[in-house]
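# Survey of secondary and tertiary structure
Residue strings, one per chain:
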Amino acid sequence: MTNVNTERSPLLATLGVQIEPVILELALTHRSFAYENGGIATNERLEFLGDSILGQAVTVMLYRTYPDLDEGQLAKRRASLVSTAALAQIARGLGLGEYIRLGRGEILTGGRDKASILADTVEALIGATFLDAGGDVATAFVLRLIEPLVAEPGHFGVSMDPKTSLQELAASSGVGVPVYTLEGSGPDHSREFVATVVIGTIVTAQGVGPSKKFAEMAAAREAIDRLKAL
């Protein structure tokens, strides 16, 4: 039985980052593999580092994107985004399981699809990205990873999908369909986007974010507030 996919290029292409081979191998090394191979280094220190970076990036994103949520609401959303279940979902989407270096026992018991192993490896990859490319790239990497979860209306409920909420409110108010435009600025590793949403001649609102989706979501929330105030 093959222990791991030894060709890393497809994984790096999927991740959208460049990580030095030695650091990447470490990030993919589970303790079960290390134990069976003479006690080599594991990805646990990188996991510890990545967990901190993940938490900070998600906290800042939520704070900026949802200015009307209180501390408790923000904490619940952060907990959901950084949870083992969420990170495992991300890992499965990346096909990460086949790249993890696992001990034979873990392989035989389905370790490649265990949520805890997948989630820990995602955090280790975030830590590896930070070491190899710095904080800005690591933060952008985190936001790309979690963006699909934030964009899913069912992941948190409609309150986390302000674009849908705005569309429904605009339709019920009979004021027209929201139309979005986007502008981006800054270097590739630290882009900032400004989204403008226009609803007929009634409402114009803007939002800023580290990605197109986050900027549009921020603009939609502002437009909801303005539309409700009319």
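The coordinates are above.
Let us look at the structure shown here. Everything quoted here is computed from the prediction, not taken from an experiment. (Residues numbered from 1 in each chain as written. Predicted model: local features only at pLDDT ≥ 70, side-chain atom pairs only at ≥ 80, totals over all residues. Heavy atoms only, no water.)

## Topic: the nonpolar core
- In this structure, M61, L81, L96, L125, I126, I146 and V150 are the most contacted members of the largest nonpolar core, which totals 48 residues.
- Contributing elements (two or more residues each) for this core: α1 (9-15), α2 (21-27), α4 (44-65), α5 (71-81), α6 (84-94), α8 (115-133), α9 (135-151) and α12 (212-229).
- I146 has contacts with V58, M61, L81 and I90, leaving out every residue within four places of it along the chain.
- Ranked by size, the runner-up nonpolar core spans 14 residues in total, among them F193, V203, A220 and I224. (Core = buried A, V, L, I, M, F, W, Y, C linked by side-chain atoms within 4.5 Å. Buried < 20%, exposed > 50% of the residue type's maximum accessible area, 1.4 Å probe, protein only. Helix = DSSP H or I, 4+ residues; strand = E, 2+ residues; numbered from the N terminus. Contact = heavy atoms within 4.5 Å.)

## Quick notes on α8
- Over its 19 residues, α8 runs 27 Å from end to end, which matches the ideal 27 Å to within 8%, given 1.5 Å per residue.
- Those residues of α8 lying buried are I117, L118, A119, T121, V122, E123, A124, L125, I126, G127, A128 and T129. (Expected span 1.5 Å × (residues − 1).)

## Remarks on the packing of helix α11 (residues 162-173) against α12
- Direction vectors running N to C along α11 and α12 enclose 30°, while the axes themselves pass 8 Å from each other. When the axes of α11 and α12 are compared, the pair comes out roughly parallel. When you trace α11 past α12, the crossing you get is left-handed. Residues P162, K163, S165, L166, L169, A170 and S173 of α11 pack against E216, M217, A220, R221, A223, I224, L227 and K228 of α12.
- Of the residues assigned to the contact of α11 with α12, the class counts are nine nonpolar, two polar and four charged. (Axes fitted to C-alpha atoms, helices over the stretch in contact; angles between N-to-C directions. Parallel < 35°, antiparallel > 145°, perpendicular 65-115°, else oblique. Left-handed = near helix turned anticlockwise from the far one by under 90°. Nonpolar A, V, L, I, M, F, W, Y, C, P; charged D, E, K, R; others polar.)

## Remarks on the packing of aromatic side chains
- By the definition in use, this model includes zero aromatic pairs.
- Positioned above the aromatic ring of Y180 is the side chain of K163, whose terminal nitrogen or guanidinium carbon lies 4.7 Å from the ring centre. (Phe/Tyr/Trp six-rings, centres within 6.5 Å; stacked < 30°, edge-to-face > 60°. Lys NZ or Arg CZ within 6 Å of the ring centre and 35° of its normal.)

## What about the pattern of salt bridges?
- Per the stated rule, a full pass over the model turns up eight salt bridges.
- Residues E216 and K163 are paired through a salt bridge, measuring 2.6 Å at the closest nitrogen-oxygen approach. One end of the pair, E216, is in helix α12; the other, K163, is in helix α11, with 53 residues separating them in the sequence.
- In this structure E216 comes out as buried when scored by relative accessible area, which is 13%.
- One salt-bridge network, in which partners are shared between bridges, spans R8, E25 and R101. (Salt bridge = Lys/Arg side-chain N within 4 Å of Asp/Glu carboxyl O.)

## Examining empty space enclosed by the protein
- Within this structure, the stated rule accounts for one cavity of 30 Å³ or more.
- Looking at the largest cavity, its volume works out to about 30 Å³.
- Around the largest cavity sit H30, R31, N43, E44, E47 and D120, which together line it.
- For the lining of the largest cavity, the class distribution of residues is no nonpolar, two polar and four charged. (1 Å grid on protein atoms, 1.4 Å probe; cavity = no way out; pocket = protein on both sides within 12 Å on 5 of 7 lines; lining within 4 Å. Points joined across faces, edges and corners; volume = space filled by probe spheres on them.)

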